[in-house]
Amino acid sequence: MTYRIAPSILSADFARLGEEVKNVIAAGSDWIHFDVMDNHYVPNLTFGPMICSALKPHAKTAAGVAVPIDVHLMISPVDALAASFAEAGADYISFHPDASGHVHRSIQAIKSKGVKAGLVFNPAEPLDVLDWVIEDIDLILIMSVNPGFGGQSFIDSALRKIEDVRKRIDASGKDIRLEVDGGIKTDNIRRVADAGADTFVAGSAIFGKPDYKGVIDAMRLALTA
Ligand code: DX5
Ligand code: ZN
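No experiment lies behind these values; they were computed from the predicted model shown. As a convention, each chain's residues are numbered from 1 in the sequence order in which they are written. Think of it this way: whatever chain is written first is A, whatever ligand is written first is 1, and the rest follow in order. Whole-chain, interface and lining totals are the exception, using all residues; otherwise, since this is a predicted model, local features are given only for residues with pLDDT of at least 70 and side-chain atom pairs are given and counted only at 80 or more. Neither water nor hydrogens contribute to the side-chain values; these are computed over all heavy atoms in the structure.

(A) Highlighting helix 3 (residues 79-87). Those residues of helix 3 that fall on the buried side of the exposure criterion are Ala 82, Phe 85 and Ala 86. Along the axis of helix 3, the buried positions cluster into a sector of 105°, meaning they face one direction only. Across from the buried face of helix 3, at angles greater than 90 degrees, the exposed residues are Ala 80 and Glu 87. Contact between two residues is taken to exist if any of their heavy atoms lie within 4.5 Å; hydrogens are not considered. Working definition: helices are DSSP H or I runs of at least four residues, strands are E runs of at least two. Numbering for both runs from the N terminus. Next to the buried residues of helix 3 lie strand 2 (32-37), helix 2 (49-55), strand 3 (69-74), strand 4 (92-95) and helix 4 (103-111). Remark: Gly 89 follows helix 3 within two positions and exhibits a positive phi of approximately 100°. Throughout this description, buried means an accessible area under 20% of the type-specific maximum (1.4 Å probe, protein chains only), exposed means over 50%, and partly exposed covers the range between. This arc corresponds to the set of directions leading from the helix axis out to the C-beta atoms.

(B) Focus on the site of ligand 1. Around ligand 1, the structure places 20 residues, and the nearest of them are Asp 35, Gly 148, Asp 181, Gly 203 and Ser 204. Interatomic distance of 3.4 Å between a side-chain N/O atom of His 33 and an oxygen atom of ligand 1. Contact between ligand 1 and Asp 181: an oxygen atom at 2.7 Å from a side-chain N or O atom of the residue. Residue-level accessible areas treat just the shown protein chains as cover; the underlying method is Shrake-Rupley with a 1.4 Å probe. The fraction of the free accessible surface of ligand 1 (380 Å²) that becomes covered by protein chains is 100%. Of the pockets mapped on this structure, ligand 1 occupies the largest cavity. Broken down by secondary-structure element, the contributors of at least two residues to the shell around ligand 1 are strand 2, strand 3 and strand 8 (199-202). No other element matches strand 2, which puts three residues into the shell around ligand 1. Charged means Asp, Glu, Lys or Arg here, nonpolar means Ala, Val, Leu, Ile, Met, Phe, Trp, Tyr, Cys or Pro, and polar covers whatever is left, Gly included. Taken together, the residues that form the shell around ligand 1 break down as eight nonpolar, ten polar and two charged. Working definition: residue near molecule or strand if any one of its non-hydrogen atoms lies within 4 Å of it. Whenever a nitrogen or oxygen atom comes within 3.5 Å of another N or O atom, the pair is scored as a polar contact, on the condition that within protein one atom can donate a hydrogen and the other can accept it, and that pairs from neighbouring residues in sequence are kept only if both atoms are in side chains. Using only the protein atoms, space was sampled on a 1 Å grid; points where a 1.4 Å probe fits but cannot get out form cavities, open sets with protein on both sides within 12 Å along at least five of seven lines form pockets, and lining residues are those with an atom within 4 Å of a point. Molecules are considered to sit inside a cavity or pocket once more than half of their atoms lie within 2 Å of its grid points.

(C) Broad picture of the side chain of Thr 199. Along the polypeptide, Thr 199 turns up in strand 8. Only 2.7 Å separates the side chain of Thr 199 from the side chain of Asp 198, close enough to count as a polar contact. Apart from the residues within four sequence positions on either side, Thr 199 is in contact with Arg 4, Trp 31, Arg 177, Leu 178, Glu 179 and Val 180.

(D) A look at the packing of aromatic side chains. Any two rings among Phe, Tyr and Trp, with Trp reduced to its six-membered ring, count as a pair given centres within 6.5 Å; such a pair is stacked if its planes are under 30 degrees apart, edge-to-face if over 60, and tilted if neither. In this structure the tally under the stated criterion is six aromatic pairs. Centre to centre, the rings of Phe 34 and Phe 85 are 5.9 Å apart; their planes meet at 70°, and the pair counts as edge-to-face. Taken together, the residues span a long stretch of sequence, with Phe 34 in strand 2 and Phe 85 in helix 3 at a distance of 51 residues. Just as Phe 34 is buried, Phe 85 falls in that class too. In this structure an aromatic cluster arises from ring pairing among Phe 14, Phe 34, Phe 47 and Phe 85.

Dropping the structure here:
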């Protein structure tokens, strides 16, 4: 199993965002998680496509290898801004099915731009839509907090949902990332991996500490131990 750690820049210092992206990549990030909030779908407001395109040149390792930008849209409607994020250099674009009137169309619109598409499920949201679109997506993101804010506590029922999604992915035979977002720390990441996740968003756990590499290394150690 290849595990990926995706630091959420929601908890970074917004006054030094480019430097924060560089530093967290130097500390070993596999992806950069980019939380887009619209004060409508969620009660908070963050950043848009212009910030994404400004950060894109910084999303690479010292050796020049591109680090994927994982855009998590907490917005409604979805399609127009998803297209702008595709233009802005997003590598993955995920949206909440309840935020789009036409989920299949939104997925196709993202993929038509050459970007990988994902669906995000809130803690109390069922997975039924996957019965109809799992063949079309590249990523499933399970929320283990209610979306809108960093620094919340992990909701345990997410573990059961992750197990369910893992079975669906394995049955599909497709190469689909299973990502989890919210309340991931060094001391619970292993439980989340054991439930079947392969990609881990962590905001406050990483940016809340001075030593980003120390946290990412401890997470990887927990995953391999
Ligand atoms: C919440 C966001 C998360 C958030 C996670 O709506 O989707 O990505 O940054 O933050 P932590 O890791 O602090 O729970
Ligand atoms: Zn997120």
